[in-house]
Amino acid sequence: MIISLRLINFKKFEDQLLEFKPLTLISGLNSTGKSSVLQSLLLLRQSSQQNLLPNIGLALNGELVNIGTAQDAFYESGKENLISLEIIWENYESKCKWVFKYDPDQKDEDVLNIISEPNYSYLSNLFSNNFHFLQAERIGPRSFNEISDYQVRRCRQIGTRGEYTAHFLYIYGREPIPIENLSYPEAKSMDLIDQVEAWMREVSPGIRIEIKANPEMGLVNIQYFYGESNRYRATNVGFGITYTLPIIVAILSSYPGTLILVENPEAHLHPRGQVIMGELLALAASCGIQVVIETHSDHVLNGIRLAVHGGKIKPESVQLHYFQRQEKQAQALTKVVSPHINRSGRIDKWPDGFFDEWDKSLEVLLEPVEE
């Protein structure tokens, strides 16, 4: 499990230390550096997959993330021409620190040459198959989805946009979920497909899933139905189902020790579904899966708070980070505030902008209106 992450001269951060817990929630205004936190981790994994780590450098562009050029990755007021990414893992006694060279004369390059790196960190979940990343821009409903034996069978991945979720369920749907405590009590069995269906009913009551594949054409088809109803194409059931399915599959198929990164788990979900999503993510974190989410949803936050209140996850297992923008000498800086949740699910401080828009709107609505 990641204990902390330190970013030096990376994008908006001159020197930022962030504590991580089994469940870490990152929030804040747009363009304050939230995504940069996840990107820093993805860059390391991406560079390893491209065989640039160890020994060569940091790949700024690839399948997981596209930063652009070296200039895009470098903190614009950096005093030293280097970028440092530092991680402390629970299983390692010392920090794992990567240092990369930034050359102003080669600012348009998309690989940063390595200066120094640890030699004992590449067995962690960040670099293994016990990892899932779902980006904000996931695939919408499709009549057919692609098959990837490499991603699904060899790497046990569902794709960063959830594009291989249907194929994943086709291959592993009749395997029992690895973590019994994540099971839905009313599910027909412990099989992945039945557990996914059961949890999906919290989002869309009564929903059923049917998957058919045509390996010769390299396509897999997912359809939905309710009770004895006709089968519906994914294109006829809305974006919320398609956007939610990969997250639930990633959680339920994971083993203890897996690292899951999710951007905007609330996308296209109605408020009740967002609360359920927050509770499920919290439950996963209580079962040995490390979850890092970037969200704008107060409903997801409230789902986590309800999970704490209900004893599903300990308050000390939850870390909140709120990114605030500060103006200093005509430069936009980011300040990170980290509220805490207590055993009752209450939060000790609410900095301006931290999921308080409803309260602000309500204050205005309660003001008398002149006739």
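Residues numbered from 1 in each chain as written. Predicted model: local features only at pLDDT ≥ 70, side-chain atom pairs only at ≥ 80, totals over all residues. Heavy atoms only, no water.

Considering the overall build of the chain
Rules: Helix and strand definitions here come from DSSP, where helices need a minimum of 4 consecutive H or I residues and strands a minimum of 2 consecutive E residues; each element is numbered from the N-terminal end. What the globule rule says is 2.2 Å times the number of residues to the power 0.38, and the radius of gyration is computed from C-alpha atoms. A simple rule labels every residue: compare its accessible area, found with a 1.4 Å probe on the protein chains alone, to the largest value its type can have, and call it buried under 20%, exposed over 50%, or partly exposed in between. Contacts are assigned to residue pairs with any non-hydrogen atoms lying within 4.5 Å of each other. Where accessible areas are quoted, they stem from the Shrake-Rupley method and a 1.4 Å probe; at the residue level, only the protein chains shown are allowed to cover. Positive charge is attributed to Lys and Arg, negative charge to Asp and Glu, and no charge count is given to His or to the chain ends. Here the site of a charge means atom NZ of a Lys, CZ of an Arg, CG of an Asp or CD of a Glu.
The helix and strand tally for the chain stands at nine helices and 16 strands. For 371 residues, the compact-globule formula gives about 21 Å, and the C-alpha radius of gyration of the chain, at 21 Å, lands near that figure. Principal axes of the C-alpha set define a box for the chain whose edges measure 70 × 65 × 40 Å. Residue burial in the chain is summarised as follows: out of 371 residues, 55% are buried. Taking the intrachain contacts of the chain between residues at least 6 apart in sequence as the baseline, contacts between residues at least 24 apart amount to 61%. A total of about 17500 Å² of accessible surface is found on the chain, and carbon and sulfur atoms cover 46% of it. One finds the centroid of the 35 positive side-chain charges in the chain at a distance of 3 Å from the centroid of its 46 negative side-chain charges.

Topic: unusual backbone geometry
Cis rather than trans, the peptide bond between leucine 53 and proline 54 has omega equal to 0 degrees. With respect to the element layout, proline 54 can be found in the loop between helix 1 (34-49) and strand 4 (57-59). In the Ramachandran plot, histidine 268 falls in the positive-phi region, its phi being about 65 degrees despite a non-glycine side chain. With respect to the helices, strands and loops of the structure, histidine 268 is situated in the loop between strand 13 (259-263) and helix 7 (271-285).

Let's talk about empty space enclosed by the protein
The condition that has to hold: Here the term cavity refers to a set of points on a 1 Å grid, laid over the protein atoms alone, in which a 1.4 Å probe fits but cannot get out; the term pocket refers to an open set having protein on both sides within 12 Å along at least five of seven lines, with lining residues being those that place an atom within 4 Å of a point. Grid points are joined across faces, edges and corners, and a volume is the space filled by probe spheres set on the points. Each residue receives one of three labels: charged for Asp, Glu, Lys and Arg, nonpolar for Ala, Val, Leu, Ile, Met, Phe, Trp, Tyr, Cys and Pro, and polar for the others, Gly being one of them.
Evaluation of the coordinates by the stated rule reveals one cavity of 30 Å³ or more. Put simply, the largest cavity is a space of about 120 Å³. Those elements that provide at least two residues to the lining of the largest cavity are helix 4 (165-172), strand 11 (219-226) and helix 6 (239-252). Here the element with the most residues in the lining of the largest cavity is helix 6; it accounts for three residues. When its residues are assigned to classes, the lining of the largest cavity shows eight nonpolar, five polar and two charged.

Some details on the sheet that holds strand 7 (residues 111-116)
Inclusion rule: When DSSP locates at least two bridges between a pair of strands, those strands are taken to pair. Between N-to-C directions, angles span 0 to 180 degrees; the directions come from axes that are lines fitted to C-alpha atoms, helices contributing only their stretch in contact.
Strand order in the open sheet formed by six strands is 2-1-5-6-7-4, with antiparallel pairing between adjacent strands. Each of the sheet's edge strands pairs with one partner strand only, and the pair in question is strand 2 (13-19) and strand 4. Averaged over all pairs of adjacent strands, the angle between strand axes in this sheet comes to 20 degrees, irrespective of strand direction. As judged from the six bridges shared by strand 1 (residues 2-10) and strand 5 (residues 82-89), these two strands associate in the antiparallel manner. By the bridge assignment for strand 5, leucine 7 is matched with leucine 85.

Notes on the packing of aromatic side chains
Let me state the cut-off plainly: Geometry of aromatic contacts follows a simple scheme: Phe, Tyr and Trp rings, the Trp one being its six-membered ring, pair when their centres are within 6.5 Å, and the pair is stacked under 30 degrees between planes, edge-to-face over 60, tilted otherwise. When the NZ atom of lysine or the CZ atom of arginine is within 6 Å of a ring's centre and also within 35 degrees of its normal, the charge is said to sit over that ring.
The final tally for this structure, using the stated rule, is seven aromatic pairs. A ring pair is formed by phenylalanine 13 and phenylalanine 323, whose centres lie 6.0 Å apart and whose planes are at 75 degrees; its orientation type is edge-to-face. In this pair, phenylalanine 13 is assigned in strand 2 and phenylalanine 323 in strand 15 (residues 318-328), connecting sequence segments 310 residues apart. Both residues of the pair, phenylalanine 13 and phenylalanine 323, belong to the buried class. With a centroid separation of 5.2 Å and an interplanar angle of 80 degrees, the aromatic rings of tyrosine 184 and tryptophan 199 are classed as edge-to-face. Separated by 15 residues along the polypeptide, tyrosine 184 in the loop between helix 4 and helix 5 (192-200) and tryptophan 199 in helix 5 bring together distant segments of the chain. What makes tyrosine 184 buried here is its relative accessible area of 18%. On the basis of relative accessible area, tryptophan 199 is assigned to the buried category, the value being 12%. What links up through ring pairs into an aromatic cluster is the set Trp89, Trp98 and Phe127. Cation over ring: arginine 156 sits above tyrosine 172, and NZ or CZ is 4.3 Å from the ring centre.

Overview of the packing of helix 6 against helix 7
As a reminder, the rule being used: Angular relationships are summarised with four words: roughly parallel below 35 degrees, roughly antiparallel beyond 145, roughly perpendicular across 65 to 115, and oblique for the angles in between. For any pair of crossing helices, the crossing counts as left-handed if the nearer helix is rotated counterclockwise from the farther one by less than a right angle, and right-handed if it is rotated clockwise.
Axis separation between helix 6 and helix 7 bottoms out at 11 Å; the angle between their running directions is 20 degrees. It follows that helix 6 is roughly parallel to helix 7 by the angle criterion. Read as a crossing pair, helix 6 and helix 7 show a hand that is left-handed. Every residue of helix 7 that contacts helix 6 at Thr244, Ile247, Ile248 and Ile251 is listed here: Met277, Leu280, Leu281 and Ala284. Counted by class, the contact of helix 6 with helix 7 contains seven nonpolar, one polar and no charged residues.

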